[in-house]
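# Secondary and tertiary structure notes
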Number of protein chains: 2
Amino acid sequence: MKSSVEPLKARRIYLLLRDRIVAGDLPPGGRLPGEPALAAEHAVSRVTVRRALDLLEKEGLVQRKAGSGTFVHDSRAVRPIVADLSNVLSHLIDMGRSTDVKLLSFGYVAPPEAIAESLGLKPGERVQRSVRVRLIDGEPFSYLTTHVPEWLGLTYSEAELAARPLLELIERSGVKTERATQAINATLAGPEAAAALDLEIGSPLLTLTRIVHDPSGRGVEHLHALYRPDRYSFHMDLVRIGDDGERRWSPALGRPRAPSKKGR
Amino acid sequence: MKSSVEPLKARRIYLLLRDRIVAGDLPPGGRLPGEPALAAEHAVSRVTVRRALDLLEKEGLVQRKAGSGTFVHDSRAVRPIVADLSNVLSHLIDMGRSTDVKLLSFGYVAPPEAIAESLGLKPGERVQRSVRVRLIDGEPFSYLTTHVPEWLGLTYSEAELAARPLLELIERSGVKTERATQAINATLAGPEAAAALDLEIGSPLLTLTRIVHDPSGRGVEHLHALYRPDRYSFHMDLVRIGDDGERRWSPALGRPRAPSKKGR
DNA sequence: CAAAGCTGTATTATCGATCATACAGGTTCC
DNA sequence: GGAACCTGTATGATCGATAATACAGCTTTG
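Computed from a prediction, not measured in an experiment: that's the story for all the values here.

All names here are of chain B. Between helix α1 (residues 9-22) and helix α3 (residues 46-58), the least distance of the axes is 8 Å, while the angle of their chain directions is 50°. Between α1 and α3, the interaxial angle falls into the category oblique. Crossing of α1 against α3: the hand is right-handed. Here Lys9, Ala10, Ile13, Tyr14, Leu17, Arg18 and Ile21 of α1 lie close against α3, whose contacting residues are Thr48, Val49, Arg51, Ala52, Leu53, Leu55 and Leu56.

This is the structure in structure tokens:
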């Protein structure tokens, strides 16, 4: 039996160290073992350890000081944007107003089968497909692929899509958006997403797939979003409800989140 | 400038094809381009294309037929478990009752700084640390690392933790769990998690970090969960609420999910 | 200052991933 | 049947990742 392929030892050590850092095992500001020590510990060459540390440094997780050591970066340069789940999408509309959007692709195509089905399209019906990237402070953090039925897509122009949130354009057209279903998952960055998000191929990404329906149940928007996990994550507050036999967690709604007191 | 490291071309092509498959671009049951065609398209040797296809086949995404071609597997072998967000945690209690749990590690340790802080522990206070794996139909799908203050952890035994959901044990001890905050994100599998979840190192994982508080605000549980995205994902229904000027999405609560109508 | 430790850099050697090519055997279609 | 495709398999050559080693320059410590 051929042994399975080992995809880069450097990557393995990078992952190990990264886990220990984000888990708080190696506290911020602390110095991690020297390169020779790490090399011995993992039974690899020092060159390989260095490449792992290169990756960590490029992500801003560690800071190297020649002659001194390698330290866990305490104030992570870019703080992740926190998306409160109680207003998942409105937060995105806010985002659309306070961040930059780059439109990478725009056009009308025949939809993939899965998307046609989820939107409830008739066979042969075409869709508008757009790919956008959102940036915060000039840095990309999300890669959005949307599919909208052609009849709806035609109510706005390419320039409008580049400037305004898609949901706003949809509602402007008179379509009511009442319900949506969404799924949150994880994947690896493919070549296009990696390039757009300024990442290595194979980096982890948060995914959000949302299908928006109008009151009649007709699908009006299929959104596939990829997020850089270091710049974006979903947060939510939960409260425990129900009687003893049937206690559950439920998202804490309505209550606006207390403003962050951190001075930064 | 040295060009950045390209970690395995085979992996790159694997990711490309995988994306097209899960996006529905290559419809289930369909045949994908021949190996020579793929090799030419990506400017890569056929051997490399084969290794990418090997990965896809091992994940059950494609099926190869000698002499005929490579086809997208239409009935994906393992369906992801769907976690409805309206009862994120109670669903986990249900899981705990209908799935197997393996306890990989159990003990009392000094907590990492980040965890001590999030639980509001006094300096020097120790915690119970446990690592568990959940399996569905004998297949692992989640890797759970929990930290509980020592005084609380001592109210149950290692054997009880292996048999019953942790939150149940906490509540049994008389501690009231009222509030929790959680964050959903994505990472790559490190060596231990990869081994426990039967994955390659560097596979993508969904992460859930939850901190449970009692009514006085004291932290009683710190949970770090890693999920295999092919076997687990978060789903939720949203409704649009609010007046025109301030419309938002809100999780649809209470209403039990309509049973899926798909025959399949 | 000097010793010890660290990161930064370079060199050569080895091993694995990838390439280019060729051929065997199955499937599809005419 | 036979041509044209496909996957499965094997070969030797090439290139990149890793190993082993050495040294320069900086920082910290005594």
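Past the structure itself, the notes keep going.
As a further point, take the pairing of strand β3 (residues 69-72) of chain A. Moving residue by residue along a regular strand, the side chains alternate between the two faces of the sheet. All names here are of chain A. Residues Gly69 and Phe71 point to one face of β3 and Thr70 and Val72 to the other, with burial holding for every one of them. Relative to β3, strand β1 (residues 31-32) runs antiparallel, the two sharing two bridges. Each residue of the ladder has a partner; that of Arg31, found in β3, is Phe71. What sits between the antiparallel neighbours strand β2 (residues 62-65) and β3 is a turn of three residues, in which Gly67 has the positive phi angle 85°.

Here we come to the relation of the copies chain B and chain A. Superposing chain B onto chain A takes a rotation of 180° plus a shift of 0.0 Å along the axis, which leaves an RMSD of 0.2 Å. In short, the pair behaves as if placed about a two-fold rotation axis. Comparing interface residues between copies, 94% of those in chain B also lie at the interface in chain A; the contact surface is shared.

Overall, the coordinates contain 28 salt bridges over all chains when judged by the stated rule. When the shortest N-O distance is used, the salt bridge between A:Asp19 and A:Arg18 registers 3.2 Å. The residue B:Arg64 makes a salt bridge to B:Glu35 at a minimum N-O spacing of 3.3 Å. With B:Arg64 in strand β1 (residues 62-65) and B:Glu35 in helix α2 (residues 35-41), this pair connects stretches of sequence that are 29 residues apart. Residues joined in a network through salt bridges with shared partners are A:Glu35, A:Arg46, A:Arg50, A:Asp54, A:Glu57 and A:Arg64.

Turning our eyes to something else, we now look at the packing of aromatic side chains. One pass over the structure, following the stated rule, counts ten aromatic pairs over all chains. Centre to centre, the rings of B:Phe106 and B:Tyr108 are 6.1 Å apart; their planes meet at 85°, and the pair counts as edge-to-face. Ring geometry for B:Tyr232 against B:Phe234: centres 5.4 Å apart, planes inclined by 90°, an arrangement best described as edge-to-face. Accessibility expressed as a relative area gives 0% for B:Tyr232, which makes it buried. We classify B:Phe234 as buried; its relative accessible area is 0%. Among the aromatic residues, those joined into a ring-pair cluster are A:Phe141, A:Tyr227, A:Tyr232 and A:Phe234. Its guanidinium or amino end placed over the ring of A:Phe71, A:Lys65 lies 5.2 Å from that ring's centre, counting from NZ or CZ.

This paragraph deals with the side chain of A:Thr146. Residue and element names in this part refer to chain A. Relative to the helices and strands, Thr146 resides in strand β7 (residues 139-149). Residue classification places Thr146 among the buried positions, given a relative accessible area of 0%. Polar contacts involving the side chain of Thr146 include one to the side chain of Ser130, which spans 2.4 Å. Ignoring anything within four residues of it in the chain, the contact list for Thr146 reads Gln128, Arg129, Ser130, Arg132, Leu166, Glu221, His222 and Leu223.

What follows is about the confidence of the model for chain A. Per-residue confidence for chain A gives a mean pLDDT of 84, with 83% of residues at or over 70. pLDDT under 50 marks residues 1-6 of chain A. Its contacts with residues more than four places away, or in other chains, come to three contacts.

With that out of the way, let us pick up the protein's contact with DNA strand D. By nearness alone, 26 residues border DNA strand D, and A:Ser45, A:Thr48, B:Arg46, B:Arg50 and B:Gly67 come closest of all. Among all atoms of DNA strand D positioned within 4 Å of the protein, those belonging to sugar or phosphate total 70%. One of the backbone N or O atoms of B:Glu35 is found 3.0 Å from a phosphate oxygen in DNA strand D. One of the side-chain N or O atoms of B:Arg50 is found 2.4 Å from a phosphate oxygen in DNA strand D. Those elements that place two or more of their residues in the surface near DNA strand D are α1 (9-22) and α3 (46-58) of chain A together with α2, α3, β1 and β2 (69-72) of chain B. Counting residues per element, the surface near DNA strand D draws most heavily on α3(A), at four residues. In terms of residue class, the surface near DNA strand D is made up of eight nonpolar, eight polar and ten charged.

Rules and cut-offs
Residues numbered from 1 in each chain as written. Chains lettered and ligands numbered in written order. Predicted model: local features only at pLDDT ≥ 70, side-chain atom pairs only at ≥ 80, totals over all residues. Heavy atoms only, no water. Axes fitted to C-alpha atoms, helices over the stretch in contact; angles between N-to-C directions. Helix = DSSP H or I, 4+ residues; strand = E, 2+ residues; numbered from the N terminus. Parallel < 35°, antiparallel > 145°, perpendicular 65-115°, else oblique. Left-handed = near helix turned anticlockwise from the far one by under 90°. Contact = heavy atoms within 4.5 Å. Buried < 20%, exposed > 50% of the residue type's maximum accessible area, 1.4 Å probe, protein only. Pairing = 2+ DSSP bridges. Least-squares fit on C-alpha atoms with pLDDT ≥ 70 in both. Salt bridge = Lys/Arg side-chain N within 4 Å of Asp/Glu carboxyl O. Phe/Tyr/Trp six-rings, centres within 6.5 Å; stacked < 30°, edge-to-face > 60°. Lys NZ or Arg CZ within 6 Å of the ring centre and 35° of its normal. Polar contact = N/O pair within 3.5 Å; in protein donor to acceptor, adjacent residues only side chain to side chain. pLDDT = per-residue confidence, 0-100. Near = heavy atom within 4 Å. Nonpolar A, V, L, I, M, F, W, Y, C, P; charged D, E, K, R; others polar.

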